[in-house]
6 protein chains.
Amino acid sequence: MKIFGGRPTKELTQDICRCLGIPPGQADIFKFPNDNTFVQIQENVRNVDVYVVQTSAPPVDEALVELLLVMDALRRASARSITAVLPYYPYVRSDKKDQPRVPITARLVADLLVTAGVNRIVTVDLTADQVQGFFTIPADHLTAQPVFARYFQEKGLVDPVIVAPDPGAVKRAQRFSEKIGAPIAFIDKRRLGSEVRATTVIGEVRDKPAILFDEEIDQGSTFVRAAEVLLANGATEVFGACTHGVLSGAAPGYLSRAPLQELVVTDTVPVPPEKRWPGLVVLSIAPLLAECIKRIQEGQSVSALFF
Amino acid sequence: MKIFGGRPTKELTQDICRCLGIPPGQADIFKFPNDNTFVQIQENVRNVDVYVVQTSAPPVDEALVELLLVMDALRRASARSITAVLPYYPYVRSDKKDQPRVPITARLVADLLVTAGVNRIVTVDLTADQVQGFFTIPADHLTAQPVFARYFQEKGLVDPVIVAPDPGAVKRAQRFSEKIGAPIAFIDKRRLGSEVRATTVIGEVRDKPAILFDEEIDQGSTFVRAAEVLLANGATEVFGACTHGVLSGAAPGYLSRAPLQELVVTDTVPVPPEKRWPGLVVLSIAPLLAECIKRIQEGQSVSALFF
Amino acid sequence: MKIFGGRPTKELTQDICRCLGIPPGQADIFKFPNDNTFVQIQENVRNVDVYVVQTSAPPVDEALVELLLVMDALRRASARSITAVLPYYPYVRSDKKDQPRVPITARLVADLLVTAGVNRIVTVDLTADQVQGFFTIPADHLTAQPVFARYFQEKGLVDPVIVAPDPGAVKRAQRFSEKIGAPIAFIDKRRLGSEVRATTVIGEVRDKPAILFDEEIDQGSTFVRAAEVLLANGATEVFGACTHGVLSGAAPGYLSRAPLQELVVTDTVPVPPEKRWPGLVVLSIAPLLAECIKRIQEGQSVSALFF
Amino acid sequence: MKIFGGRPTKELTQDICRCLGIPPGQADIFKFPNDNTFVQIQENVRNVDVYVVQTSAPPVDEALVELLLVMDALRRASARSITAVLPYYPYVRSDKKDQPRVPITARLVADLLVTAGVNRIVTVDLTADQVQGFFTIPADHLTAQPVFARYFQEKGLVDPVIVAPDPGAVKRAQRFSEKIGAPIAFIDKRRLGSEVRATTVIGEVRDKPAILFDEEIDQGSTFVRAAEVLLANGATEVFGACTHGVLSGAAPGYLSRAPLQELVVTDTVPVPPEKRWPGLVVLSIAPLLAECIKRIQEGQSVSALFF
Amino acid sequence: MKIFGGRPTKELTQDICRCLGIPPGQADIFKFPNDNTFVQIQENVRNVDVYVVQTSAPPVDEALVELLLVMDALRRASARSITAVLPYYPYVRSDKKDQPRVPITARLVADLLVTAGVNRIVTVDLTADQVQGFFTIPADHLTAQPVFARYFQEKGLVDPVIVAPDPGAVKRAQRFSEKIGAPIAFIDKRRLGSEVRATTVIGEVRDKPAILFDEEIDQGSTFVRAAEVLLANGATEVFGACTHGVLSGAAPGYLSRAPLQELVVTDTVPVPPEKRWPGLVVLSIAPLLAECIKRIQEGQSVSALFF
Amino acid sequence: MKIFGGRPTKELTQDICRCLGIPPGQADIFKFPNDNTFVQIQENVRNVDVYVVQTSAPPVDEALVELLLVMDALRRASARSITAVLPYYPYVRSDKKDQPRVPITARLVADLLVTAGVNRIVTVDLTADQVQGFFTIPADHLTAQPVFARYFQEKGLVDPVIVAPDPGAVKRAQRFSEKIGAPIAFIDKRRLGSEVRATTVIGEVRDKPAILFDEEIDQGSTFVRAAEVLLANGATEVFGACTHGVLSGAAPGYLSRAPLQELVVTDTVPVPPEKRWPGLVVLSIAPLLAECIKRIQEGQSVSALFF
């Protein structure tokens, strides 16, 4: 078994390898002046089970193409099997055709991975569980919910309510709320007639600490607006929790000033120091991924981690 | 263009053909004493664009296999293209791996269809939009929401609330509620400690007529329990609306005695006379499917029907 | 290695496992009220060579779809290899296009199996040897002829004649006749002018015991008519022998009253107690299948069993 | 529509084109000194439906590879569709695994054709109907039986018997015998104990003209031995009829001296002048192939030619 | 027919459309803050033959992924056919495995395009002709050699010599030299012992104007070193000609100061104003691509343009 | 591990097996009178890694088809993996579309091999490195350059020049010249106006021994003409070196009389005694292939042999 990490995933790969007690695989990856990516695996991988850890972080397309190149190099170098470990799945939100003549990019990505030679994937908290069905190869879909459950249980909030920041997030939030024994609410945002959008809380939040729960936070405006509405409806304080801290553009500054007690994310997407602020908590996903890799390699049940 | 209907879809196919002003295609489909299905297309289909209308109704697996056989016969008979029109997609709810070591049958069905020669599918109100991504061939995903909107607008309910009967249905219900300008609520059902499950309403329903909205109703217990809770929470009356009236087993009797003003479904799943009761309203999906087929055949936009 | 059996093959699977000294694999397979089949493998199968025993018995399409679901579940659960053991191959007689615009279902079945993830098949006495060519994956095609040869040799018939019940069965019957050193005859059945069909014996049967030999018996009318003609032509007694005792509908009653000394079949198709009668002999195919599985697993020659 | 013929099929292609009133397509096909075949299509074929007529005649592998090269050239030259017209299908007798560790070459050939870009095939009198199932693309399987029926009906034999020269040919011969209203018999050839093979007639031939009927004649020894046995059993005279006159090696001389009144074949395999003798009748298959091509091109039923 | 252009190819697409007298197709393509690309085709494309013009220019991976997304959107929107027009093929130089454990990216790109739904490609001056063989779909490989031949013939250089800047370029340069009737030379660059690399001219260049000819110029150092050596060996003046003016990084400044009379490129790669200098000549490839598209659409020979 | 050799490669296979200390695998391969090839593997290969050594030698198409048949037999016999060892790749020169409407046969061959079940290939000195990209399975591309370097270094020529016999061979020759520290030249052959072709030396050869270097020699006229021109330009003597000694037709006689000191080839193509002459040196490729097979089997780096 060898584990290689893409450029945006160097640190996470090291963390995973540390958990497993093996050194990361060596590869030479850089860009030529003409912007073409060069990849060369620096170790013999004949008959080796290889894991490639690559997340989707800007520049997103470079990370995706780099992953495809690494896999092509590995299969041509006779690796026995190639597992793509994708902490944050590329283009995960483009998983349906909700407008005319758009691509379903998350499915396309699945096919591209298979075309490049992947034999199995491991990923974390997809926007929709159905994305697992974009593959026919084995796809282990992990969730960071236990990580968040442990964090908030240790925090000891009194009678919190879990709040889905939009209707599409209700199902996932409900699962989490059930796991930690809390009630549920959600934020409804809609256009009223030709006027502006109205944002309302559906459910009871008065006099309770609220945990906004979703699988991903990007620019943060949905979260901030939700927090404001929750406080206006009597919530005592608001926490945010989401697996993938994408935090694009001005999000860090914007969120650091928002009425959020804390925003808790994992490191499926790397959060560089300049994007961090005191209210941001980054939990490590590495132990979960390492355990999963170990179980795959040893033929043990992965689902036993979750069910 | 020719349109063939499977055994459980004879009537719907005739309705579609009537809308289009063409006769249904002739095929000989029956079962041998050994339970093997025999299929023979009775008309020349060389270079013809063929549509096969087949829904998923008990016996479900026979309907699926029959569809595969019809398509194999059509491609071997040199049809120019084969479009499977699937009003109720087979195994649509098995679209994710929510337990260890289960199949993702809805994806498997997609691959089986492609293996048997399908070139395009048309379907209605999938449980999850992501199922469209189980295909790479063109897949037109229609919705009966306009049919329901028209029905309830004509009914003239005063200030109704749209209620999702479980957390997974919130997103779809919210879309419908926005379309008809009504507020939204949902039913949360969960295990409390080691005790029985508690069912609560999240959102405001007092003094309003409620429309329970989902894409499918099977045995009906979720709907009945939801209706009871809504009435207990002050709703003035409760309607049910769902595209696919599966109504398995004792559902008709059970639902006819439930505190539901009306249950409104479409005929994506055939509802035979013995399954009908006074409170059941069956709207026809045939005009929508016929219009879609016409647009496909003439190269017009199908999405223009919805967006 | 683990061996799982489908619903119609529970007993045969247990017999095979007993021969091999291992317990059958545990799986949860049942139907929801909406007639959808649910499958869950109850044991960890990561990196395990799995054999799925499933025969084609009514309800035929359910058995086929169940097999596909089990295989999809197994590959998604990371089984190392999946071998479908198909004692009676589904839709085996639909192996050619002998009429316009019919499917070649036996080929379609082959493709469906591959689509669902099968890596190898084992089957018994196909109607035509060419069906093996419907696969490009390894396909071990076993025959029950040695089982029948042993049975009839022990019976000690004096100078029997082997009779093919129709022209298409002559080749197979000739092979068996050569194996046991008996002469051959066959039954010719044809339409004469616009009149009824005439049935004649081609070959010598006078004063000999006759063994009607085919790979399958379904409703039994061909066999019964053949037996009558053989006796009318002077045969002393008539036995029937065929691998697959399909025995649809009223066949058991009909055959029990027919002028057949004995009908000998194997248990490739399950024969429940209510379908048995005194003149029916059911030989077990389990030892042959168990030996084949053992050899596959140990890398020994399977063909050595037959050539 | 354009029709190209391979090197061994030049004459047949011209005959087909004459029936259709179009000139054969021009292609440059030759071998380099290093024995590599060169192919160049000499006409623009963009968006053209192309038919490639190529039969299997020695050198067999060259003919096969040439066909693959022509098809690769055509698809790269943007032909709209490619139909391979294969009067005598390559390796048609290698259609099953009747010994350990042999290939199923007829299936392999099917896959090679598809790999090289074929969209449809047309072929004549396969050894086994099941070979059609080696393809999932449309495959029109024609038979020369009407050609033979016409020939022998015009000949006016009195009360002939149709004889299958071996057990595997009984089914086909029976179909022909039924078509022309004649009885059937067959030749059984087998090893008796450790002694030599015995050849016997199964069925009645005394005082009748016999027509040995099979789909192919190669070296002719089976036919000659069969003719001798038929005459020894009282047949008045013996004719031979088979679609594919392969006539390998010394077959022409051997057969010309055999007790066969006539041997009737078609030109699916070219019969050069030096292989002909007075008792050989070669019927033309070109009108049948031309009619089939015409119907494919015009979207008419091909099966209507036979059923 | 509709023609869509990617972001880096807007201008070229307009030029092509102007040649053809049709407006460019409308598509909405932009990046979300999270760096994910969004694509929506703004026109109905059902049953339309679509051409997507996309070149490989920095950011290279974004351009590639954008192309894949556009094609996925088009096929899901039921385009009849999709032709990718790739003036400068992505990763064209990564076309072989000249080091251990590297990918063959140009082949991977071919497979990615096919995975995303492409039906045909058009490209210009591949580094190696063999790359056409990376596809099995039709691939029209155009060359700008006639464009350069016309340019230099109009220039009227007296007795020029064509010079390949490295050994791998000799074959292509020789073809050009033969076309314009000029002699050939090449630059040999090699490591001598453990010392530095030596650059020598192989062939006669004294007292002649030299045209350095290659299919691509990137950073320019090979060209500049070649020009210096040519002048040192007596060439009277040096021109550069290459189809793809990649001109990465500091190349424009560096080349503008080099002893090159002129550098002539085409616009297969966009050359923005800030990258241009007086000695740079940019010839338009649009008329060639337009003519090719027209011929494909009308079923005329494309090769007739070149042979 | 077992190694099987095709008919034209019997001797080379024995040499390879001798290097590895194992006996060659037994297979029965012959032609029926009808020119069909029969293949039967005579040893159990279940779960065995199999290597099939087959070169391209006349009859070329028979060798290719034989290879496909052997592989089909092996996969149906459950070989664990199949590696095709192709010392001289079939149709290697047909690797591009340099004329309208020709096939790219080398790519087609790659696809045929994959269709027949190959899992990996090993080959030697392809005409173009890009042919490796015709595969997506692992393809080890070996070179005989070290074999030639050793040979000529031992010969001790004083200050030789490496000469490419045509422009397309310059790159490969340059690599060899760099490896042995010699200068480079090449032969330019072209049509001048409407006159005959002129052949000139580009580069310095006066007073030096010249080594014509290419990957293949077929009829030899290019080499002979090149040798004459080199001598006319002052070369002291001329050697020829090329990996693949195809030597078609009259080449041996013609070359034996040519002004070539020696022609050095390897045995990738078998050179039977009657094709040899005193000036022909045949070096063995077997040790290189044996070492490569050993490394593949043991999971060691193959590239380490060359880089």
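Residues numbered from 1 in each chain as written. Chains lettered and ligands numbered in written order. Predicted model: local features only at pLDDT ≥ 70, side-chain atom pairs only at ≥ 80, totals over all residues. Heavy atoms only, no water.

Structural notes on the overall build of chain A
Regarding its fold elements, chain A presents eight helices and 14 strands. Taken along the three principal axes of its C-alpha coordinates, chain A extends 60 × 45 × 35 Å. Going through the 307 residues of chain A one by one, you find that 66% of them count as buried. For chain A, the accessible surface area stands at approximately 10,400 Å², while carbon and sulfur atoms represent 49% of it. Charge-centre separation for chain A: the mean point of 33 positive side chains lies 3 Å from the mean point of 35 negative side chains. (Helix = DSSP H or I, 4+ residues; strand = E, 2+ residues; numbered from the N terminus. Buried < 20%, exposed > 50% of the residue type's maximum accessible area, 1.4 Å probe, protein only. Areas by Shrake-Rupley, 256 points an atom, 1.4 Å probe, with all protein chains shown as cover. Lys, Arg positive; Asp, Glu negative; His and termini not counted. Charge placed at Lys NZ, Arg CZ, Asp CG, Glu CD.)

Details of the domain arrangement of chain A
Residues and elements named next belong to chain A. For chain A, the assigned domains are domain 1 (2–142 + 287–305) and domain 2 (145–284). Taking only C-alpha atoms into account, the centre of domain 1 sits 28 Å from that of domain 2. Contacts between domain 1 and domain 2 engage 17 residues on the former and 13 residues on the latter. For the domain 1 and domain 2 pair, buried surface summed over both sides reaches about 1,200 Å², with 46% attributable to carbon and sulfur atoms. For the pair domain 1 and domain 2, the interface holds three salt bridges. (Domains from an automatic or database assignment. Contact = heavy atoms within 4.5 Å. Buried area = accessible area lost by both parts, 1.4 Å probe. Salt bridge = Lys/Arg side-chain N within 4 Å of Asp/Glu carboxyl O.)

Section: the sheet that holds strand β9 (residues 184–191) of chain C
The sheet built from seven strands is open, its strands ordered β10-β9-β8-β11-β12-β13-β14 (chain C) with mixed pairing. Pairing within the sheet leaves two strands with one partner each, and these edge strands are β10 (197–202) and β14 (280–283) of chain C. Neighbour to neighbour, the strand axes of the sheet diverge by 25 degrees on average, direction disregarded. On top of the sheet, helix α5 (residues 170–179) of chain D reaches β9 and β10 of chain C; it is set at about 35 degrees to β9(C), its chief contact. (Pairing = 2+ DSSP bridges. Axes fitted to C-alpha atoms, helices over the stretch in contact; angles between N-to-C directions.)

Side note on the interface of chain A and chain F
Contact residues are listed per partner, giving six residues for chain A and 15 residues for chain F. Between chain A and chain F, roughly 740 Å² of surface is buried when both sides are summed, and carbon and sulfur atoms account for 34% of that area. Taken as a group, Arg46(A), Arg75(A) and Arg76(A) account for 70% of the area that chain A buries against chain F, more than any other trio of residues on that side. In this structure, Asp140(F) and Arg46(A) form a salt bridge, with 2.9 Å as the shortest nitrogen-oxygen distance. Taken together, the links from chain A to chain F amount to five residue pairs in polar contact (both at pLDDT 80 or more). A per-class count over the side of chain A that touches chain F returns no nonpolar, three polar and three charged. (Polar contact = N/O pair within 3.5 Å; in protein donor to acceptor, adjacent residues only side chain to side chain. Nonpolar A, V, L, I, M, F, W, Y, C, P; charged D, E, K, R; others polar.)

Quick word on helix α1 (residues 10–20) of chain A
Of the positions making up α1(A), those classed as buried are Leu12(A), Thr13(A), Asp15(A), Ile16(A), Cys17(A) and Leu20(A). In the stretch just after α1(A), Gly21(A) is the one whose phi turns positive, near 70 degrees.

A short note on the sheet that holds strand β7 (residues 139–142) of chain B
Residue and element names in this part refer to chain B. The five strands are arranged β1-β4-β5-β6-β7 in an open sheet whose pairing can be described as parallel. Each edge of the open sheet carries a strand with a single partner, namely β1 (2–5) and β7. With direction set aside, neighbouring strand axes in the sheet form an average angle of 15 degrees. With four bridges connecting them, strand β5 (residues 81–86) and strand β6 (residues 120–124) associate as parallel partners. Directly across from Ala84, in β6, lies its bridge partner Ile121. Helix-sheet contacts for helix α1 (residues 10–20) involve β1 and β4 (49–53), and the interaxial angle to β1 is about 160 degrees.

Points about the interface of chain E and chain A
Between chain E and chain A, the residue contacts involve 46 residues of the former and 46 residues of the latter. Note on chain E versus chain A: buried area summed over both sides is about 4,000 Å², and carbon and sulfur give 57% of it. Seen at the junction of chain E and chain A, the total is zero salt bridges. In this assembly, chain E and chain A are joined by 19 residue pairs in polar contact (both at pLDDT 80 or more).

A word on the relation of the copies chain E and chain A
Laying chain E over chain A is done by rotating through 180 degrees and shifting 0.0 Å along the axis; what remains is an RMSD of 0.0 Å. Both copies of the chain, as the preceding transformation shows, are related through a two-fold rotation axis. Looking at the interface residues of chain E, 100% of them are also at the interface in chain A, so both copies use one shared face. (Least-squares fit on C-alpha atoms with pLDDT ≥ 70 in both.)

Examining the pattern of salt bridges
Applying the stated criterion across every chain, the model contains 126 salt bridges over all chains. Ionic pairing is found between Glu215(B) and Arg172(B), a salt bridge with its closest N-O pair at 3.8 Å. Linking Glu215(B) in strand β11 (residues 209–217) with Arg172(B) in helix α5 (residues 170–179), this pair joins segments that are 43 residues apart in sequence. Comparing Glu215(B) with Arg172(B), the two get one shared label, buried. Where Arg175(C) meets Asp129(C), a salt bridge forms, and the shortest distance between an N and an O atom there is 3.2 Å. Residue Arg175(C) is located in helix α5 (residues 170–180), and its partner Asp129(C) is located in the loop between β6 (120–124) and β7 (139–142); the two are separated by 46 residues in the primary sequence. What makes Arg175(C) partly exposed here is its relative accessible area of 40%. For Asp129(C), a relative accessible area of 15% corresponds to the buried category. Residues joined by salt bridges that share partners form a network here, namely Lys31(A), Asp35(A) and Glu62(A).

As for the relation of the copies chain A and chain F
The transformation that overlays chain A on chain F combines an axial shift of 0.0 Å with a rotation of 120 degrees, and the residual RMSD is 0.0 Å. The superposition of one copy onto the other is thereby described by a three-fold rotation axis. When C-alpha distances to the rotation axis are compared across chain A, the minimum falls at Arg80(A), with a value of 7.5 Å.

Some thoughts on the pairing of strand β3 (residues 37–41) of chain A
All names here are of chain A. Counting buried residues along β3, five of its five residues qualify, which places the element largely inside the surrounding structure. Alternating residues of β3 divide into Thr37, Val39 and Ile41 and Phe38 and Gln40, and every residue in both groups is buried. Alignment of strand β2 (residues 27–31) against β3, held across five bridges, turns out to be antiparallel. Pairing of Phe30 across the sheet is with Phe38, part of β3. Linking β2 to β3, which pair antiparallel, is a turn of five residues; within it Asp35 sits at a positive phi near 75 degrees.

Comments concerning the environment of Gly181(C)
Residues and elements named next belong to chain C. Considering the arrangement of structural elements, one finds Gly181 in the loop between α5 and β9. Its relative accessible area of 66% is what places Gly181 among the exposed residues. For the pair Gly181 and Ile162, spaced 19 residues apart in sequence, the C-alpha separation works out to 9.6 Å.

Observations concerning the packing of aromatic side chains
Two measures describe an aromatic ring pair: the distance that separates the ring centres and the angle between the ring planes. A full pass over the atoms with the stated rule returns 54 aromatic pairs over all chains. Taking 6.1 Å as the distance between ring centres and 90 degrees as the angle between the ring planes, the aromatic pair formed by Tyr89(A) and Phe135(A) counts as edge-to-face. With Tyr89(A) in the loop between β5 (81–86) and α3 (105–115) and Phe135(A) in the loop between β6 (120–124) and β7 (139–142), this residue pair connects regions lying 46 residues apart in the sequence. Of the two residues, Tyr89(A) and Phe135(A), both sit in the buried class. With centroids separated by 4.1 Å and ring planes inclined at 10 degrees, the aromatic side chains of Phe176(B) and Phe213(B) adopt a geometry described as stacked. Of the two residues, Phe176(B) sits in helix α5 while Phe213(B) sits in strand β11, which places them 37 residues apart along the sequence. Its relative accessible area of 2% is what places Phe213(B) among the buried residues. (Phe/Tyr/Trp six-rings, centres within 6.5 Å; stacked < 30°, edge-to-face > 60°.)

Side note on the packing of helix α2 (residues 60–76) of chain A against α3(A)
All names here are of chain A. Interhelical geometry of α2 versus α3 gives an angle of 25 degrees and a closest axis separation of 9 Å. Between α2 and α3, the crossing angle belongs to the class labelled roughly parallel. Where α2 approaches α3, its residues Leu64, Leu67, Leu68, Met71 and Arg75 are matched on the opposing element by Val109, Leu112, Leu113 and Thr115. (Parallel < 35°, antiparallel > 145°, perpendicular 65-115°, else oblique.)

Here we look at the arrangement of the chains
With no contact formed, the shortest span from any C-alpha in chain C to any C-alpha in chain E equals 18 Å. There is a gap between chain B and chain F: no contact, and a shortest C-alpha distance of 18 Å.

Considering the pairing of strand β6 (residues 120–124) of chain F
Residue and element names in this part refer to chain F. Most of β6 is tucked away: five of the five residues are buried. Residues Arg120, Val122 and Val124 line one face of β6 and the alternating positions Ile121 and Thr123 line the opposite face, and both faces are buried. In this sheet, strand β7 (residues 139–142) lies alongside β6 in parallel orientation, the contact comprising four bridges. Each residue of the ladder has a partner; that of Val122, found in β7, is Asp140.

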